[in-house]
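# Examination of the molecular architecture
Next come the chains, spelled out residue by residue.
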Amino acid sequence: MKVGNLCWMIGLAALLGFTGNARATSTALVVETGVGISQFDASSTEWSKTGSFIINKTAECTNASAVAYGRGAVYVYDAANVPSAREIKKYSTTGTYLGTFIKIPNMTPDCMAVSPDGVYLYFSCAWGAPYNNIVYRYRLSDGEGGAFLTGFNVPRELSFDAAGNLYVADRNSKVVK
């Protein structure tokens, strides 16, 4: 299986930390190029696909390309074919579409992560001037936010450590900041 646009970050967002009856804590969601978001059992070193979470080309999502989990919801970047229609959408942990979180016309998030305290959604934009080489931050409670960190040279992956520090893999600088 060819997996594209996977955010290879520390702990894969703690394997998304699903709880309750809907998902086991060993569930991971992975963006598969051209397919959508697939669900995997990540309880061992050999991951196995257990189903589809979101299928591309539906009324709710045309081209899923990044995913993050936090505050009991799943956030999905829909890289719609029309750049002005790009959005980050919100789903329940069972895959029910809950609506648009924020509209981000002409932006192209590469990786998304929710802060450990569940307050903010962060995403990196490596491509698409004038929005490139920036990490953005939006409050989950109301969608308010914008550019947060600048000065990168193709920021690709995001992750947090146990203390809540944000790490950004800056691809062309070949460093983690």
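Summary of the structure given here. (Residues numbered from 1 in each chain as written. Predicted model: local features only at pLDDT ≥ 70, side-chain atom pairs only at ≥ 80, totals over all residues. Heavy atoms only, no water.)

### Some points on the packing of aromatic side chains
Under the defined criterion, the tally for this structure stands at seven aromatic pairs. Summarising the aromatic geometry, the rings of Tyr-122 and Phe-160 are spaced 5.3 Å apart at their centres and angled 65 degrees between planes, so their arrangement reads as edge-to-face. Here Tyr-122 is found in strand β9 (residues 120-125), whereas its partner Phe-160 is found in strand β12 (residues 155-160), with 38 residues between them in sequence. One residue, Arg-137, lies across the ring of Tyr-120, its end atom 4.0 Å from the ring centre. (Phe/Tyr/Trp six-rings, centres within 6.5 Å; stacked < 30°, edge-to-face > 60°. Helix = DSSP H or I, 4+ residues; strand = E, 2+ residues; numbered from the N terminus. Lys NZ or Arg CZ within 6 Å of the ring centre and 35° of its normal.)

### Things to note about the sheet that holds strand β3 (residues 48-55)
With respect to topology, three strands assemble into an open sheet ordered β1-β2-β3, the strand pairing being antiparallel. Each end of this open sheet is capped by a strand with a single partner; those strands are β1 (27-32) and β3. Averaged over all adjacent pairs, the angle separating strand axes in this sheet is 30 degrees, with direction ignored. By the bridge criterion, six bridges tie strand β2 (residues 36-41) to β3 in an arrangement that is antiparallel. Within β3, the position partnered with Gly-36 by the bridge is Ile-55. (Pairing = 2+ DSSP bridges. Axes fitted to C-alpha atoms, helices over the stretch in contact; angles between N-to-C directions.)

Interpretation note: all reported values are geometric properties and have no functional meaning in isolation.
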